[in-house]
Amino acid sequence: MAADGDGCARRHSPSFWKLIQRPATLPSSPRPGRPATHNASRNRNTQKLGPGEEENGPLPLLYGFRIHDYLYFQVLSPGDIRYIFTATPAKDFGGIFHTRYEQIHLVPAEPPEACGELSNGFFIQDQIALVERGGCSFLSKTRVVQEHGGRAVIISDNAVDNDSFYVEMIQDSTQRTADIPALFLLGRDGYMIRRSLEQHGLPWAIISIPVNVTSIPTFELLQPPWTFW
C-alpha cells in the first residue's frame, strides 16, 4: 500500500469495548495530577512509510503511557457531543501529558491547517488547539501551536468520512523538535466537534484529558455513535 503524502502509516480503529476490558498497568504516582492513561496495543495493520520517511522505533514507557498507545479525552461541552473520543499520540516527536486537565478549552485553530500565524492564537494560549491535517507536516503544526503557547495539539484527519483509520504521525525531514503532546483524531470526530461548535456559535469546546476509561463503569462509557467499533 502507498504511504500518505505527509508521511504516516494507517492503523485500524481499536475495538473500544475490547480495549476497556484490558486493565491498565500504571506505576505508583509520587504526586497528584499524574495522568491516568489506558495501555493497549495498536492494531499492526499499517501502510508502509514513503521514501525518506524513517521509522525510529518506539519510545520507552513513561508514567505508564507508551507512544504506541491510544489516549482518550471527553468533551464536556457542548452537551450534544459529550462523548469519549480516541486519539493516537505522535510516534517520534512531541511531549506527553504530565497532568490531567479536568477542564480545558479545545480551540479550533484559524486557519484550520495551522501552518503559520494563527488569527486566534491568543485564545489557544494555555489551551489545546484543534487543527486539520494538510498543508504542512504534523510536526510543523505542532510547533505552530507550541509557539502560540498551546498546551497540546489535536490534529484531525482532513477526510471527514474517516471514522476508523488512524495514522501514525512521524517527524518530517527537518530534524526539528516539539515539546507539547500531539494527537491524531479521526476525521469524522474532528468534523463533528467543529460542526457542533458552529451550530452553537461557540469558539471552543471544553474537554477533560487524558481520561482513564478503565475507571469508568461500562454503562457510562459514551463513544461517538458515528464511530466504527
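Residues numbered from 1 in each chain as written. Predicted model: local features only at pLDDT ≥ 70, side-chain atom pairs only at ≥ 80, totals over all residues. Heavy atoms only, no water.

What follows covers unusual backbone geometry. Note: most residues except glycine have negative phi, and most peptide bonds are trans. Look at the link from Ser-77 to Pro-78: it is a cis peptide, with omega at 5°. Inspection of the secondary structure puts Pro-78 in the loop between strand S2 (71-77) and strand S3 (84-89). A cis amide bond links Glu-110 to the next residue, Pro-111, at an omega of 0°. Note that Pro-111 resides in the loop between strand S4 (101-108) and helix H2 (121-124). (Helix = DSSP H or I, 4+ residues; strand = E, 2+ residues; numbered from the N terminus.)

Looking now at empty space enclosed by the protein. Counted according to the given criterion, the structure contains two cavities of 30 Å³ or more. Empty space within the largest cavity amounts to approximately 40 Å³. Contributing to the lining of the largest cavity are eleven residues, with Pro-89, Gly-95, Pro-181, Ala-182 and Leu-183 lying nearest its centre. Put simply, the second largest cavity is a space of about 30 Å³. Top contributing element to the lining of the second largest cavity by residue count: S3, with three residues. In terms of residue class, the lining of the second largest cavity is made up of five nonpolar, three polar and one charged. (1 Å grid on protein atoms, 1.4 Å probe; cavity = no way out; pocket = protein on both sides within 12 Å on 5 of 7 lines; lining within 4 Å. Points joined across faces, edges and corners; volume = space filled by probe spheres on them. Nonpolar A, V, L, I, M, F, W, Y, C, P; charged D, E, K, R; others polar.)

Attention now goes to the nonpolar core. Among soluble globular proteins, nonpolar side chains are generally buried collectively. Judged by nonpolar contacts, the single largest core of 30 residues is most densely connected at Phe-93, Ile-124, Val-131, Phe-138, Val-145, Val-153 and Met-169. If you list the elements that add at least two residues to this core, you get strand S5 (128-132), helix H3 (138-147), strand S6 (152-156), strand S7 (165-167) and strand S8 (182-185). Broken down by element, the residue count for this core peaks at four residues, all from H3. Here Val-153 is in contact with Ile-128, Ala-129, Val-131, Thr-142, Val-145, Ile-180, Pro-181, Ala-182 and Leu-183, once residues within four sequence places are set aside. Counting 24 residues, the second-largest nonpolar core is a separate cluster that includes Leu-183, Met-192, Ile-193 and Ile-209. (Core = buried A, V, L, I, M, F, W, Y, C linked by side-chain atoms within 4.5 Å. Buried < 20%, exposed > 50% of the residue type's maximum accessible area, 1.4 Å probe, protein only. Contact = heavy atoms within 4.5 Å.)

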